Amino acid sequence: MSERVDVSRTRIGDPFVLKIEELSGQNLLACYQCGKCSAGCPAVSEMDILPNQIIRYAQLGLTDELIRSKSIWVCASCLTCNARCPKGINIAEVIEALRQIQLRRRNDHIDIGKVKDPEMEELPPIALISSFRKFTS
Ligand code: SF4
Ligand code: SF4
């Protein structure tokens with residue numbers, strides 16, 4: 001049985017939704033769910049919510065689902081979705097805004113203190129540094 005989703009004006013006008021639009025500079029309601037962003041995304045196999053669904057969830061104010069999603073951390077910021085969107089929506093910026101909201105709450109995706117010494121030695125330094133910059137506050 002599919003889960004019931006509560007959609008209301010209040011939810012769509014939620015401060016969380018407005019914050020996403022403010023940080024990303026994107027008009028979420030411009031999306032008409034063509035799916036071209038997800039069709040070209042190289043990371044969808046690892047995502048629990050696809051890029052077009054992220055936009056849809058944001059339109060509907062599904063805050064908890066977005067915050068819990070691992071997709072916002074899986075996104076590689078390759079910008080393919082931006083290039084493919086016929087409505088000119090920068091989906092990657094929306095996802096970056098969701099990461100920023102989490103990081104500003106000090107909900108780091110990576111705990112630097114928990115990265116083990118062998119991993120530190122094996123992983124390329126550039127990968128570690130870029131991950132720390134992108135996934136920690
Ligand atoms: S920027 Fe992120 S969501 Fe967009 S195509 Fe690249 S990996 Fe996928
Ligand atoms: S490509 Fe653009 S209009 Fe199409 S689903 Fe993605 S965000 Fe929406």
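Model, not experiment: these values are computed from the prediction.

## Considerations on the site of ligand 2
Phase 1: Taken together, Cys-31, Tyr-32, Gln-33, Cys-34, Gly-35, Lys-36, Cys-37, Asn-52, Cys-85, Pro-86, Lys-87 and Ile-91 make up the full set of residues near ligand 2.
Phase 2: Each residue belonging to the shell around ligand 2 can be placed in one class, and the counts come to seven nonpolar, three polar and two charged.

## Description of the environment of Asn-82
Phase 1: When you line up the elements, Asn-82 lands in helix 7 (residues 80-84).
Phase 2: Among the residues examined, Asn-82 registers a relative accessible area of 14% and is labelled buried.
Phase 3: Those residues in contact with Asn-82 that lie beyond four places of it in its chain are Ile-89, Asn-90, Ile-91, Ala-92 and Glu-93.
Phase 4: Among the polar contacts made by the side chain of Asn-82, one reaches the main-chain amide nitrogen of Ala-92 at a distance of 3.0 Å.

## Focus: the packing of helix 2 (residues 15-24) against helix 8 (residues 91-104)
Phase 1: Running from N to C, helix 2 and helix 8 cross one another at 115°; their axes reach a closest spacing of 8 Å. For the crossing formed where helix 2 meets helix 8, the hand is right-handed. Within the contact between the two elements, helix 2 uses Phe-16, Lys-19, Ile-20, Leu-23 and Ser-24 and helix 8 uses Glu-93, Val-94, Ala-97, Leu-98, Gln-100, Ile-101 and Arg-104.
Phase 2: For the contact of helix 2 with helix 8, a count of residues per class yields seven nonpolar, two polar and three charged.

## A look at the site of ligand 1
Phase 1: If you check the shell around ligand 1, you find 13 residues, and the closest are Cys-41, Cys-75, Cys-78, Leu-79 and Cys-81.
Phase 2: Taken together, the residues of the shell around ligand 1 break down into eleven nonpolar, two polar and no charged.

## Brief notes about a nonpolar patch on the surface
Phase 1: On the surface, a nonpolar cluster with roughly 220 Å² of combined accessible area is contributed by Val-5, Val-7 and Ile-12.
Phase 2: Within the element layout of this structure, Val-5 appears in the segment before helix 1 (9-12).

## Overview of the side chain of Thr-63
Phase 1: Among the structural elements, Thr-63 can be located in helix 5 (residues 63-68).
Phase 2: A relative accessible area of 17% places Thr-63 in the buried class.
Phase 3: Residues within four places of Thr-63 in sequence aside, it is in contact with Asp-14 and Phe-16.

## A word on the environment of Gly-13
Phase 1: Within the fold, Gly-13 resides in the loop between helix 1 and helix 2.
Phase 2: Between the alpha carbons of Gly-13 and Leu-60 there is a distance of 8.8 Å; along the sequence they are 47 residues apart.

## As for the nonpolar core
Phase 1: If you look at the biggest cluster of nonpolar residues, it comprises 30 residues, and the most contacted ones within it are Phe-16, Ile-20, Leu-28, Leu-66, Ile-91 and Leu-98.
Phase 2: Top element by residues in this core is helix 8. It accounts for eight residues.
Phase 3: Every residue in contact with Leu-66, bar those within four places of it in the chain, is listed here: Phe-16, Ile-20, Ile-54, Tyr-57, Ala-58, Ile-72 and Leu-98.

Basis of the calculations
- Residues numbered from 1 in each chain as written.
- Chains lettered and ligands numbered in written order.
- Predicted model: local features only at pLDDT ≥ 70, side-chain atom pairs only at ≥ 80, totals over all residues.
- Heavy atoms only, no water.
- Near = heavy atom within 4 Å.
- Nonpolar A, V, L, I, M, F, W, Y, C, P; charged D, E, K, R; others polar.
- Helix = DSSP H or I, 4+ residues; strand = E, 2+ residues; numbered from the N terminus.
- Buried < 20%, exposed > 50% of the residue type's maximum accessible area, 1.4 Å probe, protein only.
- Contact = heavy atoms within 4.5 Å.
- Polar contact = N/O pair within 3.5 Å; in protein donor to acceptor, adjacent residues only side chain to side chain.
- Axes fitted to C-alpha atoms, helices over the stretch in contact; angles between N-to-C directions.
- Left-handed = near helix turned anticlockwise from the far one by under 90°.
- Patch = residues over 30% accessible without salt bridge, like charges linked within 9 Å, V, L, I, M, F, W, Y side chains within 5 Å.
- Areas by Shrake-Rupley, 256 points an atom, 1.4 Å probe, with all protein chains shown as cover.
- Salt bridge = Lys/Arg side-chain N within 4 Å of Asp/Glu carboxyl O.
- Core = buried A, V, L, I, M, F, W, Y, C linked by side-chain atoms within 4.5 Å.

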